[in-house]
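Here is how the chains run, residue by residue.
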Amino acid sequence: MQKSIERISGDSAGVFYEFPAFRFTGADKAAPSAYLQSALHAGELPGVVAIDALMPALNKAEVEGRIKGNITVVPWANPIGRAQYHFGEHQGRFHLGTRTNFNRAFPLLAAPDTALLPDTTFGTADQQLKTRLLQLSIGHDIVLDLHCDDEGLAYLYVHTSLWPTMADCASAMGIDAVVLWSEDSDGTFEGATIMPYQNVPAGVAKFERRVATTVEYRGMLDVDGRLAASDAEGLYRLLVARGVIADPALPAPGPFTGFVAPLENIDMMPAPRAGAVLYDVKPGDRVAKGARLATIVHTPGEVGGRTEVFAPQDGIILTRRARRIIRAGEDLLKLVGDKKSADARSGTLED
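Below you will find a few notes about this structure. (Residues numbered from 1 in each chain as written. Predicted model: local features only at pLDDT ≥ 70, side-chain atom pairs only at ≥ 80, totals over all residues. Heavy atoms only, no water.)

Let's talk about the packing of helix H1 (residues 46–63) against helix H7 (residues 225–241)
Thought 1: Contact pair H1 / H7: the axes reach a minimum separation of 8 Å and the direction vectors enclose 55 degrees. As summarised for this structure, H1 and H7 are arranged oblique, according to the angle between their axes. Between H1 and H7 lies a crossing whose hand is right-handed. Along the contact surface, H1 presents Val49, Ala50, Ala53, Leu54, Ala57 and Leu58, while H7 presents Ala228, Ala229, Asp231, Ala232, Leu235, Tyr236 and Leu239.
Thought 2: Among the residues forming the contact of H1 with H7, the class breakdown is 12 nonpolar, no polar and 1 charged. (Axes fitted to C-alpha atoms, helices over the stretch in contact; angles between N-to-C directions. Helix = DSSP H or I, 4+ residues; strand = E, 2+ residues; numbered from the N terminus. Parallel < 35°, antiparallel > 145°, perpendicular 65-115°, else oblique. Left-handed = near helix turned anticlockwise from the far one by under 90°. Contact = heavy atoms within 4.5 Å. Nonpolar A, V, L, I, M, F, W, Y, C, P; charged D, E, K, R; others polar.)

Next comes the structure, spelled out in structure tokens:
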């Protein structure tokens, strides 16, 4: 295993950001390769501890000569966001200098060629970081971007072109749900790793078997050793199932038993009033149309001081807010409906 230190210039003199990248060299040039990164949104840590728990298994496989394809691992993908604090509160989702989401504005290339990447010599620190992360990921057959939600199930965002061929991956990882999407105009990291391959001729098996996904490892507070070990085992099973690592003792993953829905079926459920949130539902709950999802206490102690929020259709609760104070218009939860959402904002890929 080789470790390199990637360096990003800051936006003022004397400021630099660094993050490590670990590389395992595979013994078979024809085997699939894999790229794993975590904490692009720097405060989302379930993926960080999952990678920490995975590394001993990768080191063991390397010593035993079982790594077939190249593997690149970036446990802390965003040193800029990791360093951002405002009045003691961590701010790792948006770059404070450009006010841009760290998982937006990635270059969308016409082909998987690093020569097409923009020159960011004089770019902002976040532009440099995004270009470097994309450069590290290009050429890999498997690309996993590990995130988490506020409170939620373990789920994947998967491009429609990669489903259902990625069902074995979702099964191997023990995922609860898959959300399918088809368009990315915002330049998410996942979209930037998929778009260069959209013009590959049909029938090219290497690209038809491609894996690229945003992994949502439940919620912000789901950072503990038991979950990390379980998630690491899931990542290892995926790498074995797709031939990156050889492990004949590990059985092939069974059929995926979670639920699958298009992004357009998601109702984001904005809060009608500002106040304190009393939830009636939690992630994983099945609800019927008209069921009460939450109550907003906006004028406590007064008659009419509560406003209830009801399900617009039948569906499953995918996520909800971790904090219980809400502003009017902020999203309370994600409801994955049985049908297409009537909300024009349906399907917002927040991460």
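Section: the sheet that holds strand E4 (residues 71–74)
Thought 1: Across the sheet, 9 strands lie side by side as E1-E2-E4-E3-E7-E11-E9-E10-E12; this open sheet has mixed pairing. Across the chains shown, the open sheet's two edge strands, defined by having one partner strand only, are strand E1 (2–9) and strand E12 (259–262). Direction aside, the axes of adjacent strands within the sheet are offset by 20 degrees on average.
Thought 2: Helix H3 (residues 125–137) rests against E1, strand E2 (16–24), strand E3 (34–38), E4 and strand E7 (142–149) of the sheet, and its axis sits at about 150 degrees to E1. (Pairing = 2+ DSSP bridges.)

Some remarks on the side chain of Arg321
Thought 1: Relative to the assigned elements, Arg321 resides in the loop between strand E18 (315–320) and strand E19 (325–326).
Thought 2: Buried charge without a partner: Arg321 forms no salt bridge, and the closest opposite charge is Asp150, 4.1 Å away. (Buried < 20%, exposed > 50% of the residue type's maximum accessible area, 1.4 Å probe, protein only. Lys, Arg positive; Asp, Glu negative; His and termini not counted. Salt bridge = Lys/Arg side-chain N within 4 Å of Asp/Glu carboxyl O.)

Quick look at the nonpolar core
Thought 1: Residues Leu58, Ile71, Leu133, Leu156, Leu235 and Ile245 are the most contacted members of the largest nonpolar core, which totals 77 residues.
Thought 2: Residue contacts for Leu235: discarding those within four places in its chain leaves Leu36, Ala50, Leu54, Leu144, Leu146, Met173 and Tyr217. (Core = buried A, V, L, I, M, F, W, Y, C linked by side-chain atoms within 4.5 Å.)

Here's the deal with the pattern of salt bridges
Thought 1: On inspection of all chains with the given rule, the structure shows 19 salt bridges.
Thought 2: The closest approach of N and O atoms between Glu64 and Arg66, which form a salt bridge, is 2.8 Å.
Thought 3: For Glu64, a relative accessible area of 42% gives the class partly exposed.
Thought 4: A relative accessible area of 15% means that Arg66 is categorised as buried.
Thought 5: One salt bridge connects Lys130 with Asp126, and the closest N-O pair in it is separated by 4.0 Å. In this pair, Lys130 and Asp126 are both assigned in helix H3, 4 residues apart and thus about one turn of the helix distant. Each of the two residues, Lys130 as well as Asp126, counts as buried.

Some details on the packing of aromatic side chains
Thought 1: What the rule picks out here adds up to 4 aromatic pairs.
Thought 2: Judged by centre distance (5.4 Å) and plane angle (70 degrees), the rings of Phe106 and Phe189 are edge-to-face. Taken together, the positions of Phe106 in the loop between strand E6 (89–90) and H3 and Phe189 in helix H5 (residues 189–194) put the pair 83 residues apart, joining distant regions of the chain.
Thought 3: When the ring of Trp163 is compared with that of Phe256, the centres are 5.8 Å apart and the planes differ by 85 degrees; the resulting orientation is edge-to-face. With Trp163 in the loop between strand E9 (154–159) and helix H4 (167–173) and Phe256 in the loop between H7 and E12, this pair connects stretches of sequence that are 93 residues apart. By the burial criterion, Trp163 is buried, and Phe256 matches it.
Thought 4: An aromatic cluster is defined as three or more aromatic residues linked by ring pairs; in this entry it consists of Tyr35, Phe106 and Phe189.
Thought 5: Here the basic side chain of Arg82 rests over the ring of Trp76, its NZ or CZ set 3.7 Å away from the ring centre. (Phe/Tyr/Trp six-rings, centres within 6.5 Å; stacked < 30°, edge-to-face > 60°. Lys NZ or Arg CZ within 6 Å of the ring centre and 35° of its normal.)

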